[in-house]
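A look at the structure
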Amino acid sequence: AVVGSYDYSSSKETYPCNLSDDCNLRESQMMGEKYAGSVGAERLNEETGLENEITERLASLDAGPIELAKFSETLSLEGSFSVSENSFDAAGLLTDNADMTGIVDVFEELNTRNGDDFTMHDSFSEFILPQGKIHENEKNYDPVIDEGPRLVHKSNSTEIYRIKDLGVKIITDETPFEEQNRKLGHELSISKFLPPSTRRRRVVEIKDFNGRPGLWFNWEHGLTLKAWLEQERNRLQYHLLPRSRVSMAVAKTLSDFHDGGVVFNNLSLENILLDCNEGIEVATFIDLSKSGFIDMRPNADKEYTNILRRNDLQMLGKLFTNIFCGENNIISEGKGGIVQGDENEDGSRGKRGKVSLPSESVSIAGEELPPYMQSLISSLFVSNDKVCAECISPRDVYSDLKTFVEKLNNPNQQYKVYEFPVPNNAQLASGLFYGRQVHMSMMNHFFNTVVHVKLSPLMAMVSGCPGAGKSTLVHQSLHHFRNRCGLTIEGKFHKFSQQDSVLAYAFDSFFAKLTESSNSVFDSMRHRIKDSIGLDSALFEAIPNLLMFLQQGSTKDITPIFGGIMSNRFEHKLCRLINAISSDEHPLILFLDDLQWADQTTLDLLWMLMLDPSITHFGLLGCYRDNEVDDSHPLMDKLRVIQGRGVNLTTIHVGPIERESVNDLVSDALCLPPRLTRPLSSVVYQKAGGVILFVVRFLKSLKEDGLLYFSMTSRRWMWDLVEIKSKRVSDDVVRHTTLQMNVLPAPIKKGLMSAACLGPSFDAAVLKLAIDDGDFDIDSFLETCKDGGFIEEWRRDNDEYRWSHDQIQQAAYDLIPKEQQDIFHFFLGLTLSKKAKSTRKDILFLILDNVNIGIKKFVVDPEDLIQIANLNLQAGNKAISVSSFHSAANYLEVGIGLLDEQSWVSHYDLTIQLYDAALEAYYAIGRFSSFELTAKQPIKHAKCFKDKLNAYINYVRYLTAAERGEEALAICLNVLETLGEKIPRRIGNKTVMEEALIVTNLLQKTMSCDLLGLRLLKDPKKIAISYFLDAVFLCSYESNPVIFALAVCRMMKMSIQCGLCEISAIGFGLYGTLLTGPLGADFEESYKMGRLALKALTKLDAFKLKQRVYAYYYGIIALCKDPLQASCDKLLEAYEAGFLVGDIESSAANLQLYSSLAVWGCGDKIEKAEELIRMHAKRMIQHKQNKACKTILPHLQQALDLMGSDEDAYMTFFGISEDDLLREGIQETVSHPRNAVIFTKRMYLAVLRGDVESFKEEYEMGLLHHNQQVGIRFMGKIMRVFLDGLLGFYFARKRGSDEKKWTDIGEESMKTMAKWAEGSSWNFSNKSLLLEAEYWFLLGDEILASGKYDESISAAKKHKFKNDEGLAAHKAALFHLEHNRKKEALSYFNRSKACYESWGAKGLVEEFDATIALLMASPLPQLSESIH
């Protein structure tokens, strides 16, 4: 029934009206009768006086009689009058003859006339009854009395009247007035005593009414809880959420009563009013006649107080039962209380005190009431339980309900409120997320940065103790990241498995999911990957599903080996692969768990990833155990290095969760309100210390021990708190779990131990093979372990399982006594090896991972040792085939360790193969501590020189990489001499020229076009000679250029006389470079040999040498004829090609050649050159090529100087100055190539700025370096010749005593440049003309000089060399200035400035602005002294 109205006089606050327990429906319906004196109608009359006018004017329009009472619900004195046909019809205005237009006009006129001061809404009609009818349903309806008091409620002892916005309650029985005054006074006292915010009837006063004492109160707005429930029951579906919110509102009001010192003592469906507004429910308590005060003084009788409170709680439980279950499911009360249980008040199991809902299922609309609510309600019916009465309060109930509503409202909440616990197989909490809000916020910030900011790779590390929930935190965060179109690749390192296979397996799993999804969204990614990495079979062998993804599932089967990606070529390809996967539409996170077990090679790869400047929208997220990682750990060393390179590292520490979070976990696990689980969770927290994994395992152990059990009577989980408190628990989760496992049957324990030895995951069929026991039931084992939470299904198609946590695996492993672990591994591996043929699965690695642990302790038969050594050779070669060099090295090292000195005689082939493979693996992973000793063994013991060659070539590679070039060269010369190709140790240029003449004669006999038609070289000895001649070049091209030139000539002779091999392409290219200078500067022949080298790559299928041939041709030879600009992109292509095959040194050489061209030669935008050089310098550091990086830094610094930047590139990358770098080079060798680059850079800047006077002494020092350089014509050589000429003529014009020396330098440079210009006018004509102009300037021929300057400017402009055009204009300006032609000088200065501005050299532009301003303001004589 409608029981109240809005109190307009109050401050928008709703207060209760009176409706006692025995209120009947008829009395409530009396309020639905016609009421002409409503508040809205009264205010319409009082404010406008329009009632009569409205009636008369509407009658003239044939409208029906307007009932002003019907407008009372919809009039507002603050808005405008809006009308609609529906609203007029509802008010009875419209008849068949009614003039609708006229009616609207009436109200619009009234609207205008009265200042838009009232509004009518068309929605009011559903709440308005026709005149004279009774309101028959219980809508939210507020009648207002027009004239005098109206009886709205009558019972046997009370009557309630409504007078406008007030209500009056009188007592009608024969009670004396004094007693009536006392009773009403009690209600008044209760109302006044409660805090103002408490939702209760607000009593105004006690005053006479019709000759009787009357309780006057504010009339309230609301709907009775009974009426609300009737509405809910009429719904088609049962809705748990609104019932829960209403219950929460009731509990809130009751808690306010108790907190205010009052017990209500009258909870019923009729005595509660609800105000529901937009999902917010407020409950107001009425009829305070039975309420009582609570003595809250310290010395009060607490037992009596608890009885009062408990009475309210039990009525609250009965009320909740009605709300959720209906009147037919009221909890039955037993003798002396509610249903009896079997738990003592101290928490121990017994025969009393446990309360519950009825044992039969409580069914609501076909669904069972969630156990959470069942437990909450049952807890309110506790009888004669002092402990519970003291700890339970309405505020606790409210808090429990609030938690429940939050779970209902959260769609991502893992805890399922509808889940009913299964007694025999309780699904306790695992993988849930508790107490990590701050950590989650940090993770989300990291992900947001990856998504929204286009930066180089970002990095975050999550640390914590084992079982603290690090992985759970990350997986929760990654779930949200994936919902935002993010991609994730996830890998986990394990203590018992191959670390270098983790990344390969992670990427393979990622592409398997993409292939299964068949989502066209990833088509663009597919194209990017193809363009980035091409089709590399070795990479596909390591990551087979990558090929499946690229070919959209249609490819031949490739048996996954999941090797490492740990060679140079794979490291680079992995970087490119990640760059192709990540994008702004699909950012990528690589998550690697348990990094404390990552191998050094993997850490190096992560270092490379984080320093790769080309990768964006990518984040690396790692987890590690901080109790196993100290400051000296390799992981921490690598993180410090990464941070030192400017990578921002986000660190998140995850510790044990707080006590309240443990209670949340236990509450969710047992489907109980947090209030009920708090005593248990407190003990759990004390025992497990807040470590989530330990908490979960401890709860499971309580269930297994019977201390935590499911009661069918109460349909909820119960526990024996006394026994739990006395339970002794290990302080370590591993030890605790091991003790749990120890009580399992022997076959289960044996299965656990064997599975632990198989690794972090295992195949059920392989496990069955490993356990040589006919009684072992694999199905029973798997079910038992899954039920115990030890393992979980992983790859159902392959019948694979994995441990639920690595701590669980460790616990299972600890079942094996420590002194027996080695022998257990050994015999398990031995068992697998005997049964390997009975399975189609490749278990070679698995066999050896176990056998190798105890091999030397338990095998004494030499033949058995040889057999196992052979297996290790097979495993090593297999790992090498997929670039899993770290694992390969381990297998091969074990194999070698099983041999003795006699093996070189008794098992020679096996021994030499083990050593050869080990050297390859050691070199790939940089295990140089073992390399040298290993390499010397086959050199010492091999039967023939042929068998030593592999050791020698790997040893030379090692020495060259270690910058021990002289030792490497000595070995190469010794090997060549042994092979019959003697190269003298001491030779001069004469010897080289004689060798070159022989090659020239051979070439004349064989046309260059016919060289590719020569037969292929098949003689192994000759092929070996070719490789060692190439090795001579690699270790001598800087330190011994004469030996290098001779080796190249011998390579050419070998190819022409004996046949072609892949090294022939290198020989052709190197010979072409020698023809650019050292062998006579025959540019045409050089160009032919270069083109031949390019063709040989295809002819000889030598594409793995592309980076070297491209460096020789595009970095040196092509400069003779092709435009300089054409070489830049080709050199970058070669740079990438070198990474793809692992030839990082050649990649670095291509980068050096590109950098010199970009800054000195091409004339392209300097900003572009700076950006590319910076990016590739970072990549050089990324690949540990610090030497190469230092060589290109002068080019980067020059670009920065030209752009006007204050950045010091040397300080940015290495924390040193340019002078430090120069001294470092001089200490290594006077002729260090880096020194020549630095001096050339300084010279070029001095010439561009016109500031060469102060550079003279330094120039002469640099000249020494220049003269000692090999005469190959690369860009650095070209620039030195050009700058030598400019400086030579400049200093010659000073007419000093050394004029002739400087003139000779200038003339020599001019002749060289003129010769080069004959071969390539495009590249060199402008430089040659500028040197000629300077020459005629020196000789004083102004006409010739002026003409040559103009010709040089035109040629540079024509060939798009902006830098050279600006330099020529600058030199012309100085020439005219010297001859007092200010106007011409100013013109050329402006032109020079415009060129430099177009080039992007802002630093030069600023200097030229100052020069031009000086020229404009000063007389010529002063200018001649100021401007050079």
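Residues numbered from 1 in each chain as written. Predicted model: local features only at pLDDT ≥ 70, side-chain atom pairs only at ≥ 80, totals over all residues. Heavy atoms only, no water.

With respect to the overall build of the protein
In terms of helices and strands, the protein carries 62 helices and 24 strands. Burial analysis of the protein (1428 residues in total) assigns 57% to the buried set. In the protein, once contacts between residues fewer than 6 apart in sequence are set aside, the share between residues at least 24 apart is 72%. For the protein, the exposed surface amounts to about 60,200 Å²; the carbon and sulfur share of it is 49%. (Helix = DSSP H or I, 4+ residues; strand = E, 2+ residues; numbered from the N terminus. Buried < 20%, exposed > 50% of the residue type's maximum accessible area, 1.4 Å probe, protein only. Contact = heavy atoms within 4.5 Å. Areas by Shrake-Rupley, 256 points an atom, 1.4 Å probe, with all protein chains shown as cover.)

Description of the sheet that holds strand β6 (residues 223-224)
In space, the three strands of this open sheet follow the order β6-β8-β9, with antiparallel pairing throughout. Only two strands of the sheet have a single neighbouring strand rather than two, namely β6 and β9 (280-285). (Pairing = 2+ DSSP bridges.)

What to know about the nonpolar core
For soluble globular proteins, nonpolar side chains are generally found buried alongside one another. Counting residues in each nonpolar core, the largest one holds 338 residues, and the members touching the most others are Phe-511, Ile-529 and Ile-581. For Ile-529, the residues in contact, after removing those within four places along its chain, are Phe-511, Gly-534, Leu-546, Phe-549, Leu-550, Leu-577, Ala-580 and Ile-581. Of all hydrophobic cores here, the second largest spans 44 residues; its members include Met-248, Leu-274, Ile-323 and Leu-401. (Core = buried A, V, L, I, M, F, W, Y, C linked by side-chain atoms within 4.5 Å.)

Side note on the environment of Leu-455
Structurally, Leu-455 is set in the loop between α14 (437-452) and β15 (458-464). Given the relative accessible area of 38%, Leu-455 is considered partly exposed. C-alpha separation for the pair Leu-455 and His-617, spaced 162 residues apart in sequence, amounts to 6.7 Å. In contact with Leu-455, other than residues within four places in its own chain, are Thr-449, Ile-615, Thr-616 and His-617.

A word on helix α50 (residues 1186-1202)
When the terminal C-alpha atoms of α50 are compared, their 24 Å separation across 17 residues agrees well with the 24 Å that a helix rising 1.5 Å per residue should span. Considering bend angle alone, the principal kink of α50 is centred on Ile-1192 and spans about 35°; proline Pro-1194 follows within four residues of it. Counting buried positions along α50 gives 15 out of 17 residues, so the element sits mostly inside the fold. Gly-1204 sits one or two positions beyond α50 and adopts a positive phi of about 80°. (Expected span 1.5 Å × (residues − 1). Bend = angle between axes of the 7 residues up to and from the residue.)

Some thoughts on the packing of helix α53 (residues 1233-1249) against helix α59 (residues 1362-1378)
As a packed pair, α53 and α59 sit with axes 9 Å apart at the nearest point and diverge in direction by 50°. It follows from the interaxial angle that α53 and α59 lie oblique. Contacts between α53 and α59 involve Tyr-1244, Val-1247, Leu-1248 and Arg-1249 from the former and Asn-1363, Leu-1367, His-1370 and Lys-1371 from the latter. Looking at the contact of α53 with α59 residue by residue, the class counts come to four nonpolar, two polar and two charged. (Axes fitted to C-alpha atoms, helices over the stretch in contact; angles between N-to-C directions. Parallel < 35°, antiparallel > 145°, perpendicular 65-115°, else oblique. Nonpolar A, V, L, I, M, F, W, Y, C, P; charged D, E, K, R; others polar.)

Concerning the pattern of salt bridges
As enumerated under the stated definition, the model contains 58 salt bridges in all. Glu-490 serves as the salt-bridge partner of Arg-482, at 3.1 Å between the closest nitrogen and oxygen. A relative accessible area of 34% means that Arg-482 is categorised as partly exposed. Of the charged contacts in the structure, one is a salt bridge between Glu-783 and Lys-786, with a shortest N-O distance of 3.2 Å. With a gap of three residues between them, Glu-783 and Lys-786 both fall in helix α30 (residues 778-787), about one helical turn apart. A relative accessible area of 40% places Glu-783 in the partly exposed class. On the basis of relative accessible area, Lys-786 is assigned to the partly exposed category, the value being 26%. A cluster of three or more residues bridged by salt bridges with shared partners is formed by Lys-492, Asp-593, Asp-594, Arg-625, Glu-628 and Asp-806. (Salt bridge = Lys/Arg side-chain N within 4 Å of Asp/Glu carboxyl O.)

A few points about the pairing of strand β24 (residues 800-803)
With three bridges joining them, strand β22 (residues 761-763) and β24 adopt antiparallel strand pairing. Residue pairing in the sheet places Phe-762 in a bridge with Tyr-801 of β24. For strand β23 (residues 791-795) and β24, the ladder comprises four bridges, and the chain directions are antiparallel. Note on β24: the bridge partner recorded for Glu-793 is Tyr-801.

Notes on the pairing of strand β1 (residues 150-154)
Sheet topology places β1 next to strand β2 (residues 158-163); four bridges connect them, and they run antiparallel. In the sheet register, Leu-151 faces β2, and the bridge partner there is Tyr-161. Linking two consecutive strands that pair antiparallel, namely β1 and β2, is a turn of three residues.

With respect to the side chain of Asn-954
Structurally, the position occupied by Asn-954 is in helix α39 (residues 945-961). Excluding its chain neighbours within four sequence positions, the residues that come into contact with Asn-954 are Leu-919, Glu-920 and Phe-931.

Brief notes about the packing of helix α21 (residues 600-611) against helix α49 (residues 1166-1182)
At their nearest, the axes of α21 and α49 sit 9 Å apart, and the two run at 170° to each other. Looking at the two axes, α21 sits roughly antiparallel to α49. Only Lys-1178, Ile-1181 and Gln-1182 of α49 make contact with α21, whose side of the interface consists of Trp-607, Met-608, Leu-609 and Leu-611. For the contact of α21 with α49, the residue count by class is five nonpolar, one polar and one charged.

Brief notes about the sheet that holds strand β17 (residues 588-593)
Judged by pairing direction, the sheet is parallel, and its five strands sit side by side in the order β16-β17-β18-β15-β19 without closing on themselves. Each edge of the sheet is formed by a strand with only one pairing partner; in this case those strands are β16 (487-492) and β19 (649-654). In this sheet, neighbouring strand axes are inclined to one another by 15° on average, regardless of whether the strands run parallel or antiparallel. With five bridges joining them, β17 and strand β18 (residues 618-625) adopt parallel strand pairing. Counterpart to Leu-590 in the pairing with β18 is Leu-620. This element, helix α16 (residues 502-517), spans β16 and β17 of the sheet and lies at about 145° to β16.

Digging into the packing of aromatic side chains
Counting across every chain of the model gives 39 aromatic pairs. A centroid spacing of 5.0 Å and a plane angle of 90° characterise the contact between Phe-193 and Phe-293, whose relative ring orientation is edge-to-face. Of the two residues, Phe-193 sits in helix α7 (residues 177-193) while Phe-293 sits in strand β10 (residues 292-293), which places them 100 residues apart along the sequence. When its relative accessible area of 46% is taken as the criterion, Phe-193 is described as partly exposed. (Phe/Tyr/Trp six-rings, centres within 6.5 Å; stacked < 30°, edge-to-face > 60°.)

Some words on the confidence of the model for the protein
Put simply, the protein has an average pLDDT of 79, and 79% of its residues get 70 or more. A low-confidence stretch, residues 1-50 (pLDDT under 50), is modelled with 169 contacts involving residues beyond four sequence positions or located in other chains. For residues 555-566, every residue scores under 50 in pLDDT, and the model assigns this stretch 48 contacts once sequence neighbours within four places are set aside. (pLDDT = per-residue confidence, 0-100.)

Examining the environment of Arg-162
Looking at the element boundaries, Arg-162 is found in strand β2. Put simply, Arg-162 and Pro-149 are 13 residues apart on the chain and 5.5 Å apart in space, counted from C-alpha to C-alpha.

A short note on unusual backbone geometry
Phi at Asp-1101 is positive, roughly 50°, even though this residue is not glycine. Checked against the element boundaries, Asp-1101 lands in the loop between α45 (1083-1099) and α46 (1106-1115). According to the relative accessible area criterion, Asp-1101 is exposed, its value standing at 60%.

Considering α45
Taking 1.5 Å per residue as the helical rise, α45 with its 17 residues ought to reach 24 Å, and the 24 Å between its terminal C-alpha atoms agrees with that figure. All of the buried residues along α45 are Phe-1083, Ser-1086, Tyr-1087, Met-1089, Gly-1090, Leu-1092, Ala-1093, Leu-1094, Ala-1096 and Leu-1097. Residues of α45 that are buried sit in contact with α41 (989-1005), α43 (1041-1058), α44 (1062-1074), α46 and α56 (1299-1319). Note on α45: the residue one or two positions beyond its end, Asp-1101, has a positive phi of about 50°.

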